[in-house]
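Summary of structural features
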Amino acid sequence: MARPDVGTLNRRALLGASAAAAAMTVAATGTAAASEQARGTEVAGMAPLPGRLERLRRGQTVRPPKLRPGDTVRVVSPAGSPDPRLVERGIEILESWGLKVELGKHVFDKYGYLAGKDEDRLADLNAALADPKARGVFASRGGYGCQRIADRIDLRAVRRDPKVLVGFSDLTCLQAMLWQSARLATVHGPMVSWNDGRTGPESIESLRRAVMTTEPIVLERDPAESTAAVMVPGKARGVLLGGNLTLVTTSIGARDQLDLRGAIFFFEDVGEANYRIDRMLTQLRRSGALSRVAGVVIGQITDSSHGSGEWDTVGVLTDRLSDLGVPVLGGLKLGHGDGQLTVPLGSMATMDAAAGTLTVEPAVSDG
């Protein structure tokens, strides 16, 4: 079971938060002063926009400061309820990096298939995003539930104080919301419910490098992965966006729908029949979401299934992606499979499908 001293969260009053937000948020008031501030110029009695908000105004990626030994990070459960024993192992890993770990108040709550009621899961997430002491937010696990709270994320807190956010799977919709609304780069990687049988030393180091260094992330095609044979040669450069294919698809028409124009689209999934993967990719095509992508990279398609004589994973992906007219690279160890690695989302990436490489700029900064 998780240790009692680790599982305590003291809620803090956000002293001066509303004043800080007012000072740093560009209001569309139509006044000359607001217009000048929106252009980032100085106006009598007004300070210029902070650098991170100026980058947001220009549509540029906002990279939170990297985590350092001694930093406090918060574990939250915005979707399903985790196994305390697996969370304990994840906490050990984070603490081995010199991080101080706190648990949200409702991390182990249970409400149906959710980690507590929507209001409680949302409160934990927003408290973590708003607390200046918490420099990183780690999801305990995925499952289901993030879409139920995504539209009520405290985006003002995110814009005021960007911080590292780590997760994948159901967290895709939260990461997409933070990108679409705040241009925040996030981290697609293993969550705190840590399974050493699936994510061993290589996975641990990959996550550490992604959140505690500003080194580029370089991934290579793994011939052992089920999607490795999916390849359309070519090179492309663009912002890496995506995550879990199911969550990307079910966000069509919602605020967290990703704008993939000029982006390198990344996806992975687990437990889906191949005809359902076909259906999701077809929906993305029909909606126009894939019409102007720069390239496609594919992570782990885990535990997929098909009937006798039907397409396997390679067959369906080749059929749905090979005629997009862009490079396609499969075989990356990103997703629900063994040996999962970590990759930034929202950062510029370069892919070379023939060489089997994806290089991504860091999701964090030295600031």
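This text goes with the structure placed above it.
For every chain, the first residue of the written sequence is number 1, and numbering continues from 1 onward in sequence order. Note on the predicted model: pLDDT of at least 70 is required for a residue's local features to be given, and 80 or more for side-chain atom pairs to be given and counted; whole-chain, interface and lining totals, by contrast, use all residues. Excluded from the side-chain calculations are hydrogens and water; all other atoms, namely the structure's heavy atoms, are used.

1. Concerning the sheet that holds strand β7 (residues 231–232)
Operational definition: Strand pairing is assigned whenever DSSP detects at least two bridges linking the two strands. Under the scheme used here, helices are H or I runs from DSSP no shorter than 4 residues and strands are E runs no shorter than 2 residues, and both carry numbers assigned from the N terminus.
Spatially, eight strands are ordered β6-β14-β13-β8-β9-β10-β11-β7 in an open sheet, and the strand pairing comes out mixed. Strand pairing shows two members of the sheet lacking a second neighbour, β6 (217–220) and β7, which therefore form its edges. By the bridge criterion, six bridges tie strand β9 (residues 264–270) to strand β10 (residues 295–302) in an arrangement that is parallel. Bridge pairing in β10 places Asp269 opposite Ile301.

2. Observations concerning empty space enclosed by the protein
Note the cut-off: The rule is simple: put a 1 Å grid over the protein atoms alone, call a set of points where a 1.4 Å probe fits but cannot get out a cavity, call an open set with protein on both sides within 12 Å along at least five of seven lines a pocket, and count a residue as lining if it has an atom within 4 Å of a point. Grid points are joined across faces, edges and corners, and a volume is the space filled by probe spheres set on the points.
Considering all chains together, one arrives at five cavities of 30 Å³ or more under this definition. The space that makes up the largest cavity amounts to roughly 60 Å³. Every residue lining the largest cavity is listed: Thr172, Gln175, Ala176, Trp179, Leu184, Thr186, Leu241, Gly242, Leu258, Leu345 and Gly346. For the lining of the largest cavity, the elements supplying multiple residues, two or more each, are α7 (172–182) and β8 (235–244).

3. Details of the nonpolar core
Keep this limit in mind: By nonpolar core we mean a set of buried residues, namely Ala, Val, Leu, Ile, Met, Phe, Trp, Tyr and Cys, connected to one another through side-chain atoms within 4.5 Å. When a residue's accessible area, from a 1.4 Å probe over protein chains only, is under 20% of the maximum for its type it is buried; when over 50% it is exposed; and in between it is partly exposed. In what follows, residue pairs with any heavy atoms lying within 4.5 Å of each other are defined as contacts.
Judged by nonpolar contacts, the single largest core of 44 residues is most densely connected at Trp97, Val211, Leu240, Val297 and Leu358. With five residues, the top contributor of residues to this core is helix α8 (residues 201–212). Leu358 has contacts with Ile217, Val218, Leu219, Leu240, Val297, Leu329, Leu332, Ala349, Thr350 and Met351, leaving out every residue within four places of it along the chain. Counting 27 residues, the second largest nonpolar core, distinct from the first, contains Trp179, Ile277, Ile298 and Ile301.

4. A short note on the packing of aromatic side chains
Spelled out, the test is: Stacked, tilted and edge-to-face pairs are distinguished by plane angle, under 30 degrees for stacked and over 60 for edge-to-face with tilted covering the rest, among Phe, Tyr and Trp rings (Trp via its six-membered ring) whose centres lie within 6.5 Å.
A full pass over the atoms with the stated rule returns two aromatic pairs. Judged by centre distance (6.0 Å) and plane angle (65°), the ring pair of Tyr113 and Tyr144 falls under edge-to-face. Separated by 31 residues along the polypeptide, Tyr113 in the loop between β2 (100–103) and α5 (118–130) and Tyr144 in the loop between β3 (134–139) and α6 (155–160) bring together distant segments of the chain. Tyr113 sits in the exposed class, given a relative accessible area of 61%.

5. Observations concerning the environment of Arg209
Positionally, Arg209 belongs in helix α8. In sequence terms Arg209 and Lys66 are 143 residues apart; their C-alpha atoms lie 9.7 Å from each other. Apart from residues no more than four positions distant in its own chain, Arg209 is found in contact with Glu215 and Pro216.

6. Observations concerning the layout of surface pockets
Selection criterion: The nonpolar class holds Ala, Val, Leu, Ile, Met, Phe, Trp, Tyr, Cys and Pro. Asp, Glu, Lys and Arg form the charged class, and all remaining residues, Gly among them, are polar.
Considering only enclosed or pocket space, the largest pocket measures out at about 240 Å³ in volume. If you go around the largest pocket, you meet 15 residues; those closest to its centre are Gly142, Phe168, Met191, Ser193 and Arg198. In terms of residue class, the lining of the largest pocket is made up of five nonpolar, eight polar and two charged.

7. Brief notes about the sheet that holds β3
Our working definition: All axes here are fitted lines through C-alpha atoms, helices being fitted over the stretch that makes contact, and every angle between N-to-C directions spans 0 to 180 degrees.
With mixed pairing, six strands are arranged side by side in an open sheet as β2-β1-β3-β4-β5-β12. Edge positions in the sheet fall to β2 and β12 (343–345), since each of these pairs with one other strand and no more. Across the sheet, the mean angle from the axis of one strand to that of its neighbour is 25°, orientation sign disregarded. By the bridge criterion, four bridges tie strand β1 (residues 72–76) to β2 in an arrangement that is parallel. Paired with Thr72 across the strands is Lys100, a residue of β2. Lying over the sheet, α5 contacts β1, β3 and β4 (164–167), oriented at roughly 165° with respect to β1. In the packing of α7 onto the sheet, contacts are made with β4, β5 (186–188) and β12, and the angle to β5 comes to roughly 150°.

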